[in-house]
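In case you want the letters, here they are:
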Amino acid sequence: MKPLKLTMSAFGPYAGFQTLDFTELRERNIFLIHGPTGSGKTTILDGICFALYGDTSGAERSGRSMRSHHAGVEQMTEVTFEFALKEEQYRVHRKPEQERLKKSGTGTTVQMAEAILWKIDPSNTAEESLVETGWKNVTDAIEKLIGFKSSQFRQVIMLPQGQFRKLLMADSVERQDIMEKLFQTEMYRKIEELLKKSAKELRDSIKEMENQRNWNLKKVECETSAALCQMIDSDEAELIKLGESHKEKNDRVLAAQEALVAGKAGNEKLIELENSQKALKLLQDQKLSITKQEEVLKGARRAAALEEREKLTKQRSDDKIALEKKLAVCEKETEEAVRALEQAEKLLHKEQGQGEIREKAKAHLIQLESYRQKVASLEAVKQQVAEQRKLVKQLEDQKEKLLIELVKMEESLNKQKQNSDYMKEAAGKVPLLEAQYKEIEKKYSQKKQLEEIEKLAAVQQKDYIRCKEEFKGLDKKYLEHKNEWLRLQEAWNKGQASILAAHLRANEACPVCGSTHHPKLAEKMEGVPSEEQLKNSALDLEKLEVLREKSRQRLQQALIEVEKLENKRNLLRKELEDPSLGDAAYLEEVLTKRKEALEKVQKELENLAETDKLLQTLEENVKTKKAILEDLLQNLKLQSESLRSIEGVYQEREASIPEEIRSEEALEKELKKTKGFYDQLRLALEAAEKNYQDKATKLAAIKASKESLEKSYEETVAKYTEEKRQFSEKMKQEGFQKYADYIEAKKSEIQQQQIEEEIKQYNSRLGAAEERFARAVKAAERITTVDLEQLQQALIAAQKEKDNALTLENNLRKKIENDRKAMEEIRSLESTIQAKEESYKVVGYLSQVSNGENIHGLTLQRFVLGALLDDITIAATERLKRMSKGRYHLQRTLDRSRKNAAGGLELEVFDTYTGIERPVTTLSGGESFLASLSLALGLADVVQSYSGGISLDTIFVDEGFGTLDPESLDFALKALIDLQQGGRLVGIISHVPELRERIDARLEVSVGEKGSFASFKIS
């Protein structure tokens, strides 16, 4: 790439248009960009880099931030750059996103970023041709033409201020980042990561299995499997002894239960005697209160005979009160009607005084009617303007639509170009795609395994809950059956007394107490169970106890299974804890896409010829669409001129009509407003006249109503007095001397019924209590109180001993089963661990070697980059030897600054004066500049050789020469002159005076009050 012409507008310190014609250099291939600090020397390189790639030479500023602060809002920021590539020439033009003045109206709008690339004819005999449009499309086209991306361009062709020292002074890691981007060696890093990941998976899998084995041994509290076998044999012998102990303790429980049942029955009879006596005493104490209730009931029945007379007297009183209220309301309405009539009369006089205003409103209404025809004529011209504007808008829309279609066609064209490039590079991508597919396939398999475990865990959790509910049910059923067995035992004990009594004879000794006197024999009881029924109930109780214990064991086993699945699930989740993996469905989708991508690459390799043909067709369609756009723009210009002519006629007619009524809508609105005001005045007068008449009529009606109410009131008062006298006489006849006595005795029908029912219930309860007390006295004869607490404690102690014995037996049996399962699982894990350790010996070694676990700390990627760095240092040393008079050589070293630092990409210099290698950081300022310049030029040579023979016709160096002594400056210039003698154009940015004296071709940059300007000076 060789620059031809650079034009900048409102860019950096250049406020106006600045054009730099590099053809003025003629045969000179080395020139100096010279000027004071901050004048804008580096901005020239920024302009070239921005035009080509859309960013600046240091990649630290965007194009938008490069707008000149000296430029006015009417000045657009834009850069145009013409350059040559071998025999062909191109022009690229860019505008960053910025604010600009609106094309019509006032204010500003946002100008979107633009980029256009043309191919131009050097002989000017043919028209220039459009190559590409669009910001990213132009950047991609430039990268294909020049052969470098922006980062490579800044390392190879344009060496920005302070940037090209980075490669020399960087440590091994930083230098790896720089070279990785330049030479695109990411593939080797991915191989490192794949091997490291595979080794980690194997190592983690072995560790997981060892943890499972150790966990199983820890769970059974043994250190080895042999110790576990001995423990199982010992536990089985102990289990036999525990079974015999459980049977003995069960017999003791049965005896304690029988004693407790007999004691409870006697105590309950004594308690019933005491309770029945208390209940009878309580009812006898209520007798006086019931007598009073009977007197209240008699008074309530006498008061009921006066209720009808009382209601009639109350009705006469309510009528009298109602008429008094109506008279008061009528009096108030009369006063309000008089005041309303006076107000209506005043309003009528006021409206009659508005006659002059009504006449003026009527005259203004007639004047507005006279403007109707003029406004209609103005509306017609306005309609023509609107139609013409609509036509212009349609053409504008067609233009925008064509532009959008053109962009889409260009995007499609770009996509086809990318497809063509993709097919050409597809063969090299197939191994990488296969590796990616296998990696995703493995993660997908792990995800599916995790989902299966989670489903199994959910099922196992449900089984655990089912076992828990089953145990609760059996436990409840066991307790219920136990209580039933106790009830049967108690009934059987009581029944034995009646059986003995049936066989007793007079003067014969009782087999229980030995007495020959039998005053009260035990009566025969109904429903006494037989001894067989009692025995069957005890057997059923034992069966339920066995079932309950088995259920408890199943519950414990279910809990162990839940915990085991939870451990497996946690281990898999840890393996898949990367949030970017997503769920199994997502991985399956990614896996499918990877497979489709691989198949697509293989298939599309066969369609390259068809793609190139389609690419040619798309290019012809873009050219046709651009011709249509040009015709549309010409028509748009003609219609816009016609619009301006019609708008002139409209403005002339508009001036003859008052501004506020220039539209039919505004005129009609004003007419409506004026007519409304006139109608309001007219209707207000009519309303005032009608209101006065209505108020006078209403006052007369109210006065007539008042007279009628006064007559009705006098009649109602006489009736009320007579009814009150008759009620008083009737009340005294029934025995009530005062009205208060009557009110106190008065009860509702429901209250009377309640009192009567209360009396009946009392009598019934009293009789039942007397009968209950007599029965209790008879049943409690010869019975004494027994200490049930002592019997209950004896039963609890026996039951506890039995339960403890059963628990010990069941726990030991379950422990033996669990220990046997653990032994089987431990043996299986040990076999799998041995197989995986054999695989890890191979994969782990490859991972260690490729990831830098060696004496040099050298990874696979750094090994490849080291070979490239060797090529760079060889090329750089050839120049550095000339610049340093043969003193310094650049070379790569495998030594590291720290033992744990990354190695393989460190640089050092060999000093032929001392015969010793030393770090590049020990070079002086001038020496480090020479070494950096040599390294940058060597890098340019190597990048060129690895980029398919790309031609490097230009190189720019920004600053650094101020650190050199005169002799070193001579050697540096000689090295650069060697470049220009090989056909390269060399541009040096510096403000060092010595360079100005030595280089006769200069681009001088000057600073003014309103920005900078530049021009070529040839001596």
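Residues numbered from 1 in each chain as written. Predicted model: local features only at pLDDT ≥ 70, side-chain atom pairs only at ≥ 80, totals over all residues. Heavy atoms only, no water.

A. Quick peek at the overall build of the protein. Of the regular secondary structure elements, the protein holds 22 helices and 17 strands. The buried share among the 1019 residues of the protein stands at 38%. Carbon and sulfur atoms provide 52% of the accessible area of the protein, an area that totals close to 60300 Å². (Helix = DSSP H or I, 4+ residues; strand = E, 2+ residues; numbered from the N terminus. Buried < 20%, exposed > 50% of the residue type's maximum accessible area, 1.4 Å probe, protein only. Areas by Shrake-Rupley, 256 points an atom, 1.4 Å probe, with all protein chains shown as cover.)

B. Structural context of the pairing of strand β12 (residues 906–911). With five of its six residues buried, β12 lies for the most part within the structure. Two strands pair when backbone bridges link them, and strand β11 (residues 888–893) and β12 are joined in this way by six bridges, in the antiparallel orientation. Bridging from a neighbouring strand, L890 pairs with V909 of β12. With four bridges connecting them, β12 and strand β13 (residues 916–919) associate as antiparallel partners. By the bridge assignment, E908 is partnered in β13 with P919. Counting the residues in the hairpin turn of β12 and β13 gives four residues, including G915, whose phi is positive at 75°. (Pairing = 2+ DSSP bridges.)

C. Molecular detail of the pairing of strand β16 (residues 1001–1008). Sheet analysis places strand β3 (residues 30–34) next to β16, joined by three bridges and oriented parallel. By the bridge assignment for β16, H34 is matched with E1004. Across eight bridges, β16 lies against strand β17 (residues 1011–1018) in antiparallel orientation. What sits directly across from R1002, in β17, is K1017.

D. Expanded view of the packing of aromatic side chains. Summed over the entire model, instances satisfying the criterion amount to eight aromatic pairs. Aromatic side chains F31 and F1016 sit 6.1 Å apart centroid to centroid with 65° between the ring planes, which places their arrangement in the edge-to-face category. Pair noted here: F31 is in strand β3 and F1016 is in strand β17, with a separation of 985 residues, a long-range link. We note that F31, like F1016, is buried. An aromatic cluster of three or more residues is present, and its members are F22, F31, F956 and F1016. (Phe/Tyr/Trp six-rings, centres within 6.5 Å; stacked < 30°, edge-to-face > 60°.)

E. Structural view of the nonpolar core. The biggest cluster of nonpolar side chains holds 89 residues, and the ones touching the most others in it are F31 and L52. Among residues more than four places away in sequence, those in contact with F31 are F22, L25, F956, L985, V986, G987, I988, I999, A1001, L1003 and F1016. One finds L368, V375, L402 and Y650 within the second-largest nonpolar core, a separate group that totals 19 residues. (Core = buried A, V, L, I, M, F, W, Y, C linked by side-chain atoms within 4.5 Å. Contact = heavy atoms within 4.5 Å.)

F. Region of interest: a negative patch on the surface. Together, E707, E710, E714 and E715 make up a negatively charged patch on the protein surface. Tracing the sequence through the fold places E714 in helix α15 (residues 664–733). (Patch = residues over 30% accessible without salt bridge, like charges linked within 9 Å, V, L, I, M, F, W, Y side chains within 5 Å. Salt bridge = Lys/Arg side-chain N within 4 Å of Asp/Glu carboxyl O. Lys, Arg positive; Asp, Glu negative; His and termini not counted. Charge placed at Lys NZ, Arg CZ, Asp CG, Glu CD.)

G. A look at a positive patch on the surface. Taken together, the side chains of K196, R203, K207 and K574 present a region of like positive charge at the surface. Broken down by element, the residue count for the positive patch peaks at three residues, all from helix α6 (residues 186–219). Residue placement: K207 occurs in helix α6. Given a relative accessible area of 54%, K207 falls into the exposed group.

H. Structural view of the packing of helix α7 (residues 225–284) against helix α17 (residues 749–779). Contact geometry for α7 and α17: axes closest at 8 Å, N-to-C directions at 150°. Relative to α17, the element α7 is oriented roughly antiparallel. Both α7 and α17 take part in a crossing whose hand is left-handed. Between α7, through K269, E272, L273, N275, S276, Q277, A279, L280, L283 and Q284, and α17, the contact on the second element is made entirely by Y762, R765, L766, A769, E770, R772, F773, A776, V777 and A779. Of the residues that constitute the contact of α7 with α17, the class distribution is eleven nonpolar, four polar and five charged. (Axes fitted to C-alpha atoms, helices over the stretch in contact; angles between N-to-C directions. Parallel < 35°, antiparallel > 145°, perpendicular 65-115°, else oblique. Left-handed = near helix turned anticlockwise from the far one by under 90°. Nonpolar A, V, L, I, M, F, W, Y, C, P; charged D, E, K, R; others polar.)

I. Representation of the side chain of T133. With respect to the helices, strands and loops of the structure, T133 is situated in strand β9 (residues 129–133). With near-sequence residues (within four places) excluded, T133 lies in contact with A115, I116, V138 and E410.

J. Structural view of the sheet that holds β11. Taking strand neighbours across the sheet as the criterion, the three strands line up as β11-β12-β13 in an open arrangement whose pairing is antiparallel. The sheet terminates laterally at β11 and β13, the two strands that pair on one side only. With direction set aside, neighbouring strand axes in the sheet form an average angle of 35°. Helix α19 (residues 860–883) rests against β11 and β12 of the sheet, and its axis sits at about 170° to β11.

K. Structural detail: the state of the cysteines. Tallied over the entire structure, the rule returns zero disulfides. Residue C222 stays outside any disulfide, its sulfur separated by 9.1 Å from that of C229, the closest cysteine. Overall, C229 belongs to the partly exposed group, its relative accessible area being 34%. (Disulfide = S-S within 2.5 Å.)

L. Main features of the pattern of salt bridges. Per the counting criterion, the structure on display carries 32 salt bridges. One salt bridge connects E248 with R252, and the closest N-O pair in it is separated by 2.9 Å. A residue pair is termed a helical-turn pair when its members lie 3 or 4 positions apart in one helix, as E248 and R252 do in helix α7 at four residues. The shortest N-O distance in the salt bridge between R892 and D870 comes to 2.9 Å. Placement of the pair is R892 in strand β11 and D870 in helix α19, with a sequence separation of 22 residues. Looking at D870, the relative accessible area reads 27%, which means it is partly exposed.

M. Focus on the sheet that holds strand β14 (residues 954–958). With mixed pairing, six strands are arranged side by side in an open sheet as β10-β14-β15-β3-β16-β17. Looking along the sheet, the strands with just one partner apiece sit at the ends: β10 (158–159) and β17. Helix-sheet contacts for helix α1 (residues 41–53) involve β3, β10, β14, β15 (985–989) and β16, and the interaxial angle to β14 is about 140°.

N. Structural view of the environment of T914. Mapped onto the secondary structure, T914 falls in the loop between β12 and β13. You can call T914 partly exposed: its relative accessible area is 48%. With 27 residues separating them in the primary sequence, T914 and R887 have C-alpha atoms 9.2 Å apart.

O. Examining unusual backbone geometry more closely. Phi at R26 takes a positive value of approximately 55°, unusual for a residue other than glycine. The topology assignment puts R26 in the loop between β2 (14–21) and β3. Residue E221 is not a glycine yet carries a positive backbone phi of 60°. Accessibility expressed as a relative area gives 73% for E221, which makes it exposed.

P. Spatial organisation of the environment of M169. With respect to the element layout, M169 can be found in helix α4 (residues 166–169). For the pair M169 and T921, spaced 752 residues apart in the sequence, the C-alpha separation amounts to 6.6 Å. Setting aside chain neighbours within four positions, we find M169 in contact with R175, V920, T921 and S928.

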